[in-house]
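# Structural features, examined
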Amino acid sequence: MRRFTDREGRRWEVVPGRESWGTLVALFIPVAPGPEIRQAPLTASGYELAEAELDRMGEAGLQELLDGSHPKTL
């Protein structure tokens, strides 16, 4: 899990997740009430690789993922 503050000052927890068809995604979970959970696809081919991909990303990379994300559907 990573903690991330976006350019608007909102704080998120970022964790890897898996879609029902196996695609790995970054899940952006808001720390405070307000924004909805968001997700963005990752390039990793396995869960451990997805964790490593997120761990290597800097703040700019996480912001880029968040910018390209969409609301998580339940």
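Before reading further, recall that the structure is shown in the block above.
Read on for an overview of the structure. (Residues numbered from 1 in each chain as written. Predicted model: local features only at pLDDT ≥ 70, side-chain atom pairs only at ≥ 80, totals over all residues. Heavy atoms only, no water.)

Along strand β1 (residues 2-5), the buried face is formed by Arg-2 and Phe-4; none of Arg-3 and Thr-5, which line the opposite face, is buried. Two strands pair when backbone bridges link them, and β1 and strand β2 (residues 11-18) are joined in this way by four bridges, in the antiparallel orientation. By the bridge assignment for β2, Thr-5 is matched with Arg-11. (Buried < 20%, exposed > 50% of the residue type's maximum accessible area, 1.4 Å probe, protein only. Helix = DSSP H or I, 4+ residues; strand = E, 2+ residues; numbered from the N terminus. Pairing = 2+ DSSP bridges.)

Here we take up the side chain of Gln-63. Note on placement: Gln-63 falls in helix α2 (residues 59-67). For Gln-63, a relative accessible area of 11% gives the class buried. Among residues more than four places away in sequence, those in contact with Gln-63 are Phe-4, Asp-6 and Arg-7. (Contact = heavy atoms within 4.5 Å.)

Spatially, the five strands line up as an open sheet ordered β1-β2-β3-β4-β5, and their pairing is antiparallel. Looking at which strands have only one partner, the edges of the open sheet turn out to be β1 and β5 (70-71). With respect to the sheet, helix α1 (residues 47-56) is in contact with β1, β2 and β3 (24-30), its orientation differing from that of β2 by roughly 155 degrees. (Axes fitted to C-alpha atoms, helices over the stretch in contact; angles between N-to-C directions.)

This part takes up the packing of aromatic side chains. A full pass over the atoms with the stated rule returns two aromatic pairs. Centre to centre, the rings of Phe-4 and Phe-28 are 6.3 Å apart; their planes meet at 65 degrees, and the pair counts as edge-to-face. Placement of Phe-4 in strand β1 and of Phe-28 in strand β3 is noted, with a sequence separation of 24 residues between them. Relative to Phe-28, the ring of Trp-12 has its centre 6.2 Å away and its plane inclined at 90 degrees; by these criteria the two rings are edge-to-face. Placement of Trp-12 in strand β2 and of Phe-28 in strand β3 is noted, with a sequence separation of 16 residues between them. The burial state of Trp-12 is the same as that of Phe-28; both residues are buried. Chaining the aromatic ring pairs together yields one cluster made of Phe-4, Trp-12 and Phe-28. (Phe/Tyr/Trp six-rings, centres within 6.5 Å; stacked < 30°, edge-to-face > 60°.)

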